[in-house]
Amino acid sequence: MQWYLKLKLKQKLLIAFCISAALTLAVGVLSIFSLQKMDALATDLYQNRVIAILGLDKALAAQLTHTRGAVMMPLLDAGEREAMLRTLERYDGLLKQGLQAYDATQLNVDERAMFQKVQVAYGTYQAATEKLVAAVRSGDVERIQAVAMGDIRASSFKFVEDSEALMAYNDRAASQASANAAEVANAAFLLMLGAIAVA
């Protein structure tokens, strides 16, 4: 350290400036990397969690309305049943759109396995709906009631159960992603505070 004391003021100021510039550059580079990581986490959170959850929520809402309409079938007269079938077709389309939106997101292995269970439950629900449509078209009121209160209800419960498990998984994944983003932001903030303290 003796050599530093022997330097002229001009050289001491130049060294101090270079050190503070190097620290500022290091903090800037680390901050840029941290911000890029936070941006990637936020983008992933939106594209692979928020959009997925919205798609699944849309599917669940449509399925609930679809099931309500199907369970009401035995109470309706023939003309009302045909109108209800058209309504059910529209909600089935919304249900498919919601599931397609979810499927279009990037799914990990566990999430893919859970989503496949939802798709199987949806297939069972679709088969029950086709039975209901056939019963409505045949005019068999007893068959309509049996399918609506049996197949439709049972497959609906399974679909909702599997979908809710998938929603819970997404909720945990979104919470973890938010925690990771907060960690990165805190690290960047602490780094900047440390650089300011050193400078």
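Residues numbered from 1 in each chain as written. Predicted model: local features only at pLDDT ≥ 70, side-chain atom pairs only at ≥ 80, totals over all residues. Heavy atoms only, no water.

Student: Which residues make up the environment of R49, and what values do they have?
Tutor: Structurally, R49 is set in helix α2 (residues 9–72). According to the relative accessible area criterion, R49 is buried, its value standing at 10%. For the pair R49 and D77, spaced 28 residues apart in sequence, the C-alpha separation works out to 43 Å. With residues near it in sequence (within four places) discarded, R49 still touches D44, N108, E111, N170, A173 and A174. (Helix = DSSP H or I, 4+ residues; strand = E, 2+ residues; numbered from the N terminus. Buried < 20%, exposed > 50% of the residue type's maximum accessible area, 1.4 Å probe, protein only. Contact = heavy atoms within 4.5 Å.)

Student: Which residues make up helix α4 (residues 109–138), and what are the values?
Tutor: Given a rise of 1.5 Å per residue, 30 residues ought to cover 44 Å, and the 43 Å separating the end C-alpha atoms of α4 matches this to within 8%. Residues of α4 that are buried: E111, F115, V118, A121, Y122, Y125, Q126, A128, T129, L132, A135 and V136. Two to three positions downstream of the cap, the backbone nitrogen of D110 sits 3.2 Å from a side-chain oxygen, assigning the N-cap of α4 to N108. G139 sits one or two positions beyond α4 and adopts a positive phi of about 80°. (Expected span 1.5 Å × (residues − 1). Polar contact = N/O pair within 3.5 Å; in protein donor to acceptor, adjacent residues only side chain to side chain.)

Student: So what's going on with the nonpolar core? Residues and values would help.
Tutor: Residues M73, L95, L99, L132 and F159 are the most contacted members of the largest nonpolar core, which totals 30 residues. Looking at this core, the elements with two or more residues in it are α2, α3 (78–103), α4 and α5 (141–198). The greatest single-element share of this core, amounting to nine residues, is contributed by α4. Residue contacts for L132: discarding those within four places in its chain leaves A70, M73, L88, I144, V147, A148 and I152. (Core = buried A, V, L, I, M, F, W, Y, C linked by side-chain atoms within 4.5 Å.)

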